[in-house]
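# Chains, contacts and geometry: an overview
Listed below, chain by chain, are the residues.
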Amino acid sequence: FPSHDIGDIPYSEAGKGYLSSLFSPKYDKQADIYADLLKELEAAGAALSSSKTTYGTADPIYSGDITKWKRFANSLMLRLGMRLTKVDAATAQTWVKKAIAGGVMQSNDDIAKLNHQNTNDNNRNLDANTLKTQEYDAANLKGKANSKLSKTFIDFLKTNDDPRLPYFATLWQGNADATQLTTASAAAVQKGLPNGYDNTTIKTLIPTWGDNSLAEYSEANLNYVASNSAPTPFQTYAEVEYLLAEAALRGWGDNDAVGHYNKGVTAAMKMFSLYGATITDAQVSAYLTAHPYNASTTATQMEQIHTQYWVVNFLNSYEAYANWRRTGYPVLTPTNYPGNETGGVIPRRLKYPQSESSKNAANYNAVVAQQGADLFTTRVWWDKQ
């Protein structure tokens, strides 16, 4: 489980059960984990050399391109450095500047991703294949499964006439036929399910709700962004440009926040070619013309940058969630689901697995005493109030 979602975790003593018979690893402080991750990224980037033998085509990410690996190392450093802005702005600035100076991603050709092919279960995109086989096709659900796109997400794309919408979303018929972008995947017919609603509780909220009502709501488009051959992104060039825009806004970069924002939007839309979609230069230009960067206030700029960051991380939910907790953008409305554990507050972290409190009890109890109660509402170290 990732440290940024849960807090302090076993790190320095993790994975030593087989070799060292260490079955009760201590929990390392999140501050120490981040410091070590940044140090390791710096060391790894410096150690990479084009003069050394690579794995070549056996490297599934960059096919042995050392320059791209070094850019990826620095881009991850940029991401982790920015994660510290609320808890330690001075350290964040140091690492962000170091990452930029080292050289980050330059184009969509630098995107760190794992490619997939729709040939067999070993090659397919696991999330997409699971979505298709266990949700959409299982028991002949055909549009009536619980995996629906959020009203918050769909409304943002529709309101802004975002050309990515038909490749993100579709009604069931669009998932059955890849040619129906003008019908089931058309922007006008997309409808996001209100957050927190499901086929059980929604009947008490919408009296007219029927057994087939879920089919009226949008789901991920299995022919494009959620296809079996869709790549798994680890970090995108668009994300990097948005972080550079924030760095410029903070005075840690080149002071060209609008330039980096525009590059980020352009990259985020053009990268849809990875999913078999076509978004033209004219569409991108029209979008930026209709929604120009608003530099009137710092808050306005941060909201624009990180709302777009949220969209581009549609397929990287861990990062979208972490960045929302860091920045507060996009502004979200909590859902007070009946019987929820947080009293209608959006969770700030995940809880430890129940097995930790029994199999690693001493270390678990110590970390809870130090970090705070093992609740969804307890903030992790970098998510300072």
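Relevant structure appears above.
Residues numbered from 1 in each chain as written. Predicted model: local features only at pLDDT ≥ 70, side-chain atom pairs only at ≥ 80, totals over all residues. Heavy atoms only, no water.

### Describing the overall build of the protein chain
- Per the secondary structure count, the protein chain includes 17 helices and 4 strands.
- In terms of C-alpha radius of gyration, the protein chain reaches 22 Å, essentially the compact-globule figure of 21 Å for 385 residues.
- Based on the C-alpha atoms only, the size of the protein chain along its principal axes is roughly 55 × 50 × 50 Å.
- Summarising the internal contacts of the protein chain: among those between residues at least 6 apart in sequence, 69% fall at separations of at least 24.
- Surface summary for the protein chain: the accessible area is close to 18500 Å², and the carbon and sulfur share equals 53%.
- The protein chain carries 35 positive and 37 negative side-chain charges, and their two centres are separated by 2 Å. (Helix = DSSP H or I, 4+ residues; strand = E, 2+ residues; numbered from the N terminus. Rg over C-alpha atoms; globule rule 2.2 N^0.38 Å. Contact = heavy atoms within 4.5 Å. Areas by Shrake-Rupley, 256 points an atom, 1.4 Å probe, with all protein chains shown as cover. Lys, Arg positive; Asp, Glu negative; His and termini not counted. Charge placed at Lys NZ, Arg CZ, Asp CG, Glu CD.)

### A short note on the nonpolar core
- Counting 72 residues, the largest nonpolar core has Leu78, Phe168, Tyr242 and Phe272 as the members making the most contacts within it.
- With 9 residues, the single largest contributor to this core is helix α11 (residues 237-250).
- In this view, phenylalanine 272 contacts Arg164, Tyr167, Phe168, Ala277 and Ile279; residues no more than four positions away in its chain are not counted.
- Ranked by size, the runner-up nonpolar core spans 7 residues in total, among them Ile9, Ile33, Tyr352 and Tyr364. (Core = buried A, V, L, I, M, F, W, Y, C linked by side-chain atoms within 4.5 Å. Buried < 20%, exposed > 50% of the residue type's maximum accessible area, 1.4 Å probe, protein only.)

### Describing the pattern of salt bridges
- Following the criterion strictly, the structure yields 21 salt bridges and no others.
- The shortest N-O distance in the salt bridge between aspartate 110 and arginine 71 comes to 3.1 Å. Note that aspartate 110 is positioned in the loop between α5 (89-102) and β1 (112-114) and arginine 71 in helix α4 (residues 66-82), a separation of 39 residues in sequence.
- Between glutamate 239 and arginine 79 there is a salt bridge; the shortest N-O distance is 2.8 Å. Taken together, the residues glutamate 239 in helix α11 and arginine 79 in helix α4 connect sequence positions 160 residues apart. As far as the burial class goes, glutamate 239 and arginine 79 line up, both buried. (Salt bridge = Lys/Arg side-chain N within 4 Å of Asp/Glu carboxyl O.)

### Section: the side chain of glutamine 304
- On the secondary structure map, glutamine 304 appears in helix α14 (residues 298-312).
- A distance of 2.8 Å separates the side chain of glutamine 304 from the backbone oxygen of asparagine 294, its partner in a polar contact.
- Beyond its immediate stretch of four places on either side in the chain, glutamine 304 contacts Tyr261, Pro292, Tyr293 and Asn294. (Polar contact = N/O pair within 3.5 Å; in protein donor to acceptor, adjacent residues only side chain to side chain.)

### Examining unusual backbone geometry
- For the bond from tyrosine 329 to proline 330, the omega torsion is 0 degrees, close enough to zero to count as cis.
- The residue proline 330 is located in the loop between α15 (317-327) and α16 (356-359) in this model.
- Located in the positive-phi region is serine 21, a residue other than glycine, with phi close to 55 degrees.
- Its location among the elements puts serine 21 in the loop between α2 (17-20) and α3 (30-47).
- Non-glycine residue aspartate 161 carries a positive phi angle of around 50 degrees.
- With respect to the secondary-structure elements, aspartate 161 resides in the loop between α7 (151-159) and α8 (165-168).
- Judged by relative accessible area, which is 65%, aspartate 161 ranks as exposed.

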